[in-house]
Structures are given as structure tokens and as C-alpha cells.
Amino acid sequence: MNMNMRGIGVSPGIANGYVVKKSEPLRIVEKKVVVDSEAETKKLNNTREKGIEQIEKTIFRLMQDNRAEEVQIFEAHKALVNDDVFFGEVEQKIKTENVNAEWALKKTTEQYLKSFESFEDEYLKEREVDIIDVTNRILNILIGIEESNLFDLSDHMVIVAKDLAPSDFAQIDLSKTIGFVIEKGSRTSHVSIMARSFGVPAVVGVGEIFTKAKNGDAVLLDGEEGSVILNPTKSEIDAYQMKQTRLREFNIQLKVLKNCRTLSKDGLKFKIAANIGAPKDIDDVLENGGEGIGLYRTEFLYWDRDSFPSEEEQFTVYKTVVEKMDGKPVVIRTLDIGGDKKLPYLDIPLEDNPFLGYRAIRICLGNKQIFNTQLRALMRASKYGNLKIMFPMVSSIEELRAAKAELKSVTDELKREKIEINEKVEVGMMVEVPAAAIIADLFAKEVDFFSIGTNDLIQYTTAVDRGNPKIAHLYNQFHPAVLRLIQRIIEVAHKEKIWVGICGEAAAEPKLAPIFAAMGVDELSVNPKSILKIRWMLNNSSCHEMEEVVAKILNMPTAEEIENYLQDKVKIM
Amino acid sequence: MVSLGLILDNKSGLHARPANLFTKEAAKYRSSIKVFKGGKEYNAKSIFSVLSMGATQGTELTIVADGEDEELAIKALKDLFEQNFGE
């Protein structure tokens, strides 16, 4: 049935493909009376063997692609099919109730799934997908349906799911996936961020899509507008294809911008920099014409290991990054853990409010050894390129001063050791806590630059946990309070003659980029895939003309009005 | 019969991968091995059963082995927990 639905477009682009549903509910089977239990049991056992063969094939393929994490998931699936205790219970049911294998298997699985309902831990609760996957696989073989797992479908998969956890994402073959349509979620949920970084169109927050869509349905989606059409008509497909052609042409136009400067129509200069998590991301930045690194998240260096990285190890990484960027500015943020990001080797007691708790600069100031090691590595790397140091989550001047004092003592230490450093390294801070935003004029006297972290600034200003799906709709980058704060931060920073960047997700929002430019921002730091588009947006708008729009929206009462108004006023391709 | 009380320290709980390691290890022994969590009994040799415990970080578990190689079984499982299933 043809059906139009709407959600939030979180990763731009158009996809025209087929629905592949992730984590299907258990399939429906018929109950039959079976007299020959012996034969039915034998059939079940043969089926289990076939299931193992299928899984082993998948494992083999995944190993060839070096997808080790997913191999482990399928190893567990194999163990599930090999579980003699569980299948013993299924056989028992076949015998005592004289029922068919399908029915006995489904009923036994349902008993196990019942306990999942009571789990409070969301992650473990979602692990029921492993059991559902395995039971469905066996049921499919029993019923005689060909294997239809996510790896064997056509090249035009549009993944439809209620939600996608990071581990689910890992199971998807991205070379065949052309789009995502997700029932829950917001711009900043994991799947949205991943889809953008892989450049795959995605729409989230599409109510009831999981119930309405069937596997194999044709589907059209527009990751810009947030529209989704199930079983589109011929004319709808034509309209989208035209738009897609335009988009392709636009993307070719964008490539030309790679070696261009960012210059507004009325001649104002800006920098489009990139956010990265590891040195390997730099290739992507340079390929897309990034003018610097506006945010290097060092916490990735600390993950997936058993102990803190040594000074030498960090030094090597930072040196590589600044050298690869070859004189272009690189803003390196000191360790930002805590909140939802924990390290296995750093014991932080469980907190009631981790986002308001022991995290980022608070941890560094409380564990001078960790901080000292990182600052030494940073200062040593400073002489190899254009390195700048940034402190996260600063909420008071005292904290900033303490962090700067630590940096000063590290600098003195290195000088005594006769190690060459760049003493003029710029030192800045993230403005992401409302307290810091409100007294930004005072902070501006003590740092060389600001970088506005909109993700946390929105979360803290509007008191909305961005990870909570129940209130995700309240998290909004067009919120007038947030836009007013940003405007003021830029204004007071410029009074003190320091530069301001924006490094949150909002910087990559095409409707907002020209607004930030008109407010006077000096740099927008975005994911590498968005660099050219944001440059195009700025090169094709006039700050002078946009000033009027800024004045208008800063007096609008609701986020919706602002977004609609910008939709009208800001020309996107 | 030997029993062992412990607290799960694995950060994402006993999900598919550690549950697989746990049941594979348990299956190497002839003794019957049970896990008790909140008064309920689970079969350590069944991954379906272990997954349906829903053990999160900080969960208190008691493992009870009964049979000829009970001591060895408990020791091996204890090691696995102490190494956090290699995570």
C-alpha cells in the first residue's frame, strides 16, 4: 500500500530501495498435531545442522572482511543453535504435547523471551534480538523459507528498525545499505551520527514505520526533508529521481569547492574545519578540503585498552596529526570522559547524574597525573605544527585558571628539561555549560579562543538528556534560548578580540550555518563529509543580508517558527 | 558440591559474547553446574539459560558445581570472571 510518512531528516541524500527490517519479531507459525514425534525430532535436529552451516558461512565471510566484532556475535548464535539443553526442552514439548517442531520451538523461545521483558538494562534487553534471530533462522529452515539475513540481500537495502544500537549497526553491511529509516531517535542518536559519518541518507523518528513496512517493500526516503514513502507510485519515483539527479550534479559542484576558500558573497572570510577522533580521519578531512581540525577528540586514544596511554604514545599520535595537517590549525581537546563515556581502567563510582558529575576537566583536575601526561605530550608535539589546546566542560573561572596553571607548570618543566616546545600555543575552552556561556565575557579575557559545543550546550540549557527517546523531541538546535546564547558568546568574544568556533552538530546544519556566519562566527567545525556542503552554503549567502534574518529569529518565541522561517529564507542548493 | 559467590564486573553485562565463553567453559566439565541469581536457578551449560539471566554489571551470582570435577570447574569459571571475559 502506498503510504507517506514523516520523520526527522538526519543525514542528507535520497535513497530508492527495498525495506530490510532489522530485528523482526518472532515469525508466526501454525500449531499442528504430530503423532510421529520421533520423525519430528529428527527433522528438528537436521534443521539445526543446516542452521549451523549457514552461520558458519556468514562467519567465514565476516572473517574475510576483518569484521572481528561481528564474528563474535555469530559465534554466539552458533552456540545458541548448539544449545542441547534448550533444544532438549523443545524435543520434550514435541513428545509430550504431540505438536510440530515449529510450534514447540516458538513456544519454548517465548518462555525464554519473557524474562527479557523484566530486564532494566536497555542493552541486555535488546540482546533478545540474538535469540529472536536464531529462532527465526531455524523456523525459516523448518518452514522452507530461504535464508534472508542482512548480508544476502540486494544492493539497495534500506534498513528499517525500531532503533539501532551500536552493535546492531556493526552487523550491517554498509556497502549494500543505501538508507536508514528508524522509528525512534533524534539528530544526535547513535544511528544518526553514524549515518552522517558514512554519508548514508537517514530519517529517524518515523512513528510506526516498523509495523507498517514489510520486508521487501519498495521505499523512497529523503534524508534532507525527512520524508519516507512506502511503495511509491511511478510519479513519486520520477520526482525523486529528478531530485536525485539534481543532488548528484550538486555534489559534483561541491567537489569543485575542495580547493576554494570559504568566502561569503559579500566578501567575508570563514574557516570550515573538521571534527575528528583519530589520525586516520585526516585523509577524509583533506580529501574534502578541510581548513583545519576544529576538534580532535582525544578520548578515542584512551578507549579499548587496559591502561592509560603513555606520554610517548600520545606524543607520537599528536605529532602525526599536526604534521599531517601541515601547518593548518589543529585544536586538540584534552580528555573528555565521564558522563556516558567510561574507561575500564579508571574507576569512577556509579553516579546518579553522570552528565552533571565527575567528567572531563573535572576528572583531569582531580587526577593531575593523567592531566600532566597529556599536557606534556601536547606541548612536546606543539613544535611540529599549528597545535592549539582546548579544555572541555569548563564551568567556572577557577577551573580554567587551575587548568592553565597546570599547563604553565608543564611548560616550565619541559623548558627545564631543555625540550623544544612552542611557547605561544593558543589555549582555548569549550563553551558548553550555560554558566560559561553567561559569563563568556569574563572567560574571553583569559583564553585565546572559544569553541561552542552545541550538543552539550543544548542539553544543559534546555535540561534535556539527548539520549532519552521520551524527551528527544524537546532537544532542539533551533531553540531560541540556545541561539541567543550563541549570538552573545560570539559578540563578547569579539569584544575581547578572540576567535570563536562552533563544533557541535548544529554547525553542520545547512539552515543554521549562514546564521552563525552572520552572527560573526570565525570557524565552523563539522564532520569531514559535511565540509563542502557547509562551504557551499556560506559561499552562496551574504552575511549582510542574513543579518536581518538573524535579528528576526532572535525575537521569535519558538524553535518551530525559527526552523520554518529559515526553511524559507535559507537557500539550500 | 562446591559453590562460589561473585559479583559480575563486566561492563556491558553477560551479553552474547561473554555468555558464549561462559557456557563453553562450563560444558567442558562433567559436573552439573548451576548459576543462582536472585533466588532463580539457571543452567550454566545452556547459553539460552545464561542469556535469560540478564546479569548486568554488579549483579551477585552464585555458581554451584556438583560432580567428579567440581573443584576444577569452579576454578576455571572463577578465572573467567576475574579476567572479565577478556573485555
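Refer to the structure presented above.
Thresholds applied
Residues numbered from 1 in each chain as written. Chains lettered and ligands numbered in written order. Predicted model: local features only at pLDDT ≥ 70, side-chain atom pairs only at ≥ 80, totals over all residues. Helix = DSSP H or I, 4+ residues; strand = E, 2+ residues; numbered from the N terminus. Buried ≥ 20, exposed ≤ 12 C-beta atoms within 10 Å, placed from the backbone. Contact = placed C-beta atoms within 7 Å. Expected span 1.5 Å × (residues − 1). Pairing = 2+ DSSP bridges. Right-handed = clockwise from strand over helix to strand, strands pointing away. Axes fitted to C-alpha atoms, helices over the stretch in contact; angles between N-to-C directions. Parallel < 35°, antiparallel > 145°, perpendicular 65-115°, else oblique. Left-handed = near helix turned anticlockwise from the far one by under 90°. Nonpolar A, V, L, I, M, F, W, Y, C, P; charged D, E, K, R; others polar.

Caption draft 1: Geometry of the overall build of chain B. Within chain B, the secondary structure is distributed over 3 helices and 4 strands. Reading the helices (α) and strands (β) of chain B from amino to carboxyl end gives β-α-β-β-α-β-α. Among the 87 residues that make up chain B, the fraction classed as buried is 40%. The contacts in chain B between residues at least 6 apart in sequence include a share of 70% that link residues at least 24 apart.

Caption draft 2: Quick look at helix H3 (residues 84-97) of chain A. In this model, H3(A) (14 residues) spans 19 Å end to end at C-alpha, consistent with the 20 Å of a helix rising 1.5 Å per residue. Taken residue by residue, H3(A) has A:Phe86, A:Phe87, A:Glu89, A:Val90, A:Glu91 and A:Ile94 as its buried positions. Tucked inside the fold, the buried residues of H3(A) contact helix H1 (37-64) and helix H4 (101-117) of chain A together with helix H2 (47-51) of chain B. One or two steps after H3(A), the chain reaches A:Asn98, where phi turns positive at roughly 50°.

Caption draft 3: Layout of the pairing of strand E14 (residues 426-431) of chain A. Residue and element names in this part refer to chain A. Alignment of strand E13 (residues 387-391) against E14, held across 4 bridges, turns out to be parallel. Bridging across to E14, Ile389 finds its partner in Val427. Taken together, E13, helix H16 (residues 397-416) and E14 form a β-α-β motif whose crossover is right-handed. Alignment of E14 against strand E15 (residues 449-452), held across 4 bridges, turns out to be parallel. Residue pairing in the sheet places Met429 in a bridge with Phe450 of E15.

Caption draft 4: Main features of the pairing of strand E11 (residues 293-297) of chain A. Residue and element names in this part refer to chain A. For E11, a buried count of 4 out of 5 residues is recorded, marking the element as mostly surrounded by other parts of the structure. Bridge analysis of strand E10 (residues 269-276) against E11 gives 3 bridges, and the strand direction is parallel. Across the sheet, residue Ile276 finds its bridge partner in E11, namely Tyr296.

Caption draft 5: Region of interest: the sheet that holds strand E3 (residues 40-43) of chain B. Residues and elements named next belong to chain B. In spatial order, the strands read E1-E4-E2-E3; together these 4 strands make up an open sheet with antiparallel pairing. Where the open sheet ends on each side, the last strands, each with one partner, are strand E1 (2-7) and E3. When strand polarity is set aside, the average angle formed by the axes of neighbouring strands in this sheet is 25°.

Caption draft 6: Seen up close, the packing of H1(A) against helix H6 (residues 128-143) of chain A. Residues and elements named next belong to chain A. Where H1 meets H6, the axes come as close as 9 Å, and the angle between the chain directions of the two elements is 120°. In terms of orientation, H1 and H6 fall into the oblique class. Helix-helix and strand crossings are classified by hand; for H1 and H6 the assignment is right-handed. In contact with Thr47, Arg48, Lys50, Gly51 and Gln54 of H1, H6 contributes Arg137, Ile138, Ile141 and Leu142. The residue makeup of the contact of H1 with H6, split by class, is 3 nonpolar, 3 polar and 3 charged.

Caption draft 7: Just the interface of chain B and chain A, in detail. Contacts between the two partners involve 20 residues from chain B, matched on the other side by 20 residues from chain A. Counting residues per element, the ones that place at least two in the side of chain B that touches chain A are helix H1 (16-27) and H2 of chain B. Looking at the side of chain B that touches chain A, its residues break down into 5 nonpolar, 11 polar and 4 charged.

Caption draft 8: Geometry of the packing of H4(A) against H6(A). All names here are of chain A. Where H4 contacts H6, the two axes come as close as 10 Å, and the packing angle between them is 175°. If you check the angle between H4 and H6, you find them roughly antiparallel. Seen from H4, the contacting residues are Ala101, Glu102, Leu105, Lys106, Thr109, Tyr112, Leu113 and Phe116; seen from H6, they are Glu128, Ile131, Thr135, Ile138, Leu139, Leu142 and Ile143. Among the residues forming the contact of H4 with H6, the class breakdown is 10 nonpolar, 2 polar and 3 charged.

Caption draft 9: Representation of the environment of A:Ile572. All names here are of chain A. Tracing the chain through its elements places Ile572 in the segment after helix H24 (559-569). Since 16 C-beta atoms lie within 10 Å of it, Ile572 is described here as partly exposed. Between the C-alpha atom of Ile572 and that of Trp536, which follows or precedes it by 36 residues, the distance is 9.0 Å.

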